[in-house]
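Given next are the chains, with one letter for each unit.
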Amino acid sequence: MSGWLVIAGLGPGDEALVTPEVTNAVAEATDIVGYIPYVARIPARPGLVLHPSDNRVELDRARHALQMAAEGRRVVVVSSGDPGVFAMASAVFEALEDAPLWQELDIRVLPGITAMLAAAARSGAPLGHDFCAINLSDNLKPWAVIETRLRLAAQADFAMAFYNPRSASRPEGFTRVLEILREECAPERLITFARAVSTPEERLQTVTLAEARPEMADMRTMVVVGNSATRRVGRWVYTPRRA
Ligand code: SAH
């Protein structure tokens, strides 16, 4: 039995942004586990079993992957971007906490290009100084925690990258986020809305906080808020390296 489990990031969309290490793991795999649209990115081939599953079943998915690896299969759990950023790697370790027998398995986490970095690179260098990343989804944390972190990060003058900014089920959350930013930051603060980065639907838009509207974001958008020194240079946005 020489099963293993790899938790891999597929990057933001473009196949050229998948690392060779991840491509090699997929080539050796017997099973691919993940959310439906991410598994759909893996080409079918004889001997490879695809296990697509719906969103919000992360822990079941992680246990299933661990079980198959324990049975000797070579399993790749796929996430978009990086698997450690609001994705499956933590779910696998959460499943491992309850399963001491599985803790001896051959498990590796392979990094990927996270959406925040792909979006930042497209617009210039908005994350060139200190920054933080905040998941705006309140599926797994109370909304009050999001508001506190957001307000304190703005007060500390971090640039900020928002994942899962505006879901169809809770669109008012992002409206509230813009209100808090307006309380804490000047109206000239630059915000980039980067949608579907590195895919054919890619669209980038940089506006001031005064111009920002909730409809500019959806679940395929990264929102990158500059710090107080973030500025435009030509068609680019960058944050100086000095505070
Ligand atoms: N593990 C992923 C993030 C999962 S959370 C990563 O590291 O990128 C899903 C959120 O990521 C989306 O709601 C969106 O905010 C962002 N995202 C993922 N792919 C994106 C892309 N190609 N362009 C813009 N944002 C993206």
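From a predicted model like this one, the values you see are computed outputs, not experimental measurements.

Parameters and conventions
Residues numbered from 1 in each chain as written. Predicted model: local features only at pLDDT ≥ 70, side-chain atom pairs only at ≥ 80, totals over all residues. Heavy atoms only, no water. Helix = DSSP H or I, 4+ residues; strand = E, 2+ residues; numbered from the N terminus. Contact = heavy atoms within 4.5 Å. Salt bridge = Lys/Arg side-chain N within 4 Å of Asp/Glu carboxyl O. Buried < 20%, exposed > 50% of the residue type's maximum accessible area, 1.4 Å probe, protein only. Core = buried A, V, L, I, M, F, W, Y, C linked by side-chain atoms within 4.5 Å. Domains from an automatic or database assignment. Buried area = accessible area lost by both parts, 1.4 Å probe. Polar contact = N/O pair within 3.5 Å; in protein donor to acceptor, adjacent residues only side chain to side chain. Pairing = 2+ DSSP bridges. Right-handed = clockwise from strand over helix to strand, strands pointing away.

(A) Summary view of the environment of Arg 176. As for its position among the elements, Arg 176 is in helix H7 (residues 172–184). Remark: the alpha-carbon pair of Arg 176 and Ile 32, spanning 144 residues in sequence, is separated by 38 Å. In contact with Arg 176, other than residues within four places in its own chain, are Trp 143, Glu 147, Arg 151 and Glu 183.

(B) Examining the pattern of salt bridges more closely. Per the counting criterion, the structure on display carries 14 salt bridges. In this structure, Glu 172 engages Arg 170 in a salt bridge whose closest nitrogen and oxygen atoms are separated by 3.9 Å. For Glu 172, a relative accessible area of 45% gives the class partly exposed. Measuring nitrogen to oxygen at the nearest pair gives 3.0 Å for the salt bridge that ties Glu 179 to Arg 176. In this pair, Glu 179 and Arg 176 are both assigned in helix H7, three residues apart and thus about one turn of the helix distant. By relative accessible area, which is 37% here, Glu 179 ends up partly exposed. One salt-bridge network, held together by shared partners, links Glu 147, Arg 151, Arg 176, Glu 179, Glu 183 and Glu 184.

(C) Representation of the nonpolar core in the model. Ranked by internal contacts, the top residues of the largest apolar core, which has 24 residues, are Met 160, Phe 162, Phe 174, Leu 181 and Ile 191. Listing elements by their share of this core, those giving two or more residues are strand E7 (131–135), helix H6 (143–155), strand E8 (159–163), H7, strand E9 (190–195) and strand E11 (221–225). With 18 residues, the next largest nonpolar core counts Leu 5, Ala 65, Ala 91 and Ala 99 among its residues.

(D) Summary view of the domain arrangement of the chain. Assigned domains within the chain: domain 1 (4–113) and domain 2 (116–238). Placing the centre of domain 1 and that of domain 2 at their C-alpha centroids yields a distance of 28 Å. If you look at the interface, domain 1 gives eight residues, while domain 2 gives nine residues. Taken over both partners, the interface formed by domain 1 and domain 2 buries close to 660 Å², and the fraction arising from carbon and sulfur atoms is 63%. Contact with domain 2 buries surface across domain 1, with Pro 12, Arg 56 and Phe 86 losing the most and accounting together for 63% of the total. The tally of links from domain 1 across to domain 2 stands at zero salt bridges. Seen at the junction of domain 1 and domain 2, the total is two residue pairs in polar contact (both at pLDDT 80 or more).

(E) Structural context of the pairing of E8. Burial of E8 is extensive: five of the five residues sit out of reach of the surface. Burial along E8 is two-sided: Ala 159, Ala 161 and Tyr 163 and Met 160 and Phe 162, pointing in opposite directions, are all buried. For E7 and E8, the ladder comprises five bridges, and the chain directions are parallel. Within the sheet, the bridge partner assigned to Ile 134 lies in E8 and is Phe 162. Following the chain from E7 across H6 to the adjacent parallel E8, one finds a crossover that is right-handed.

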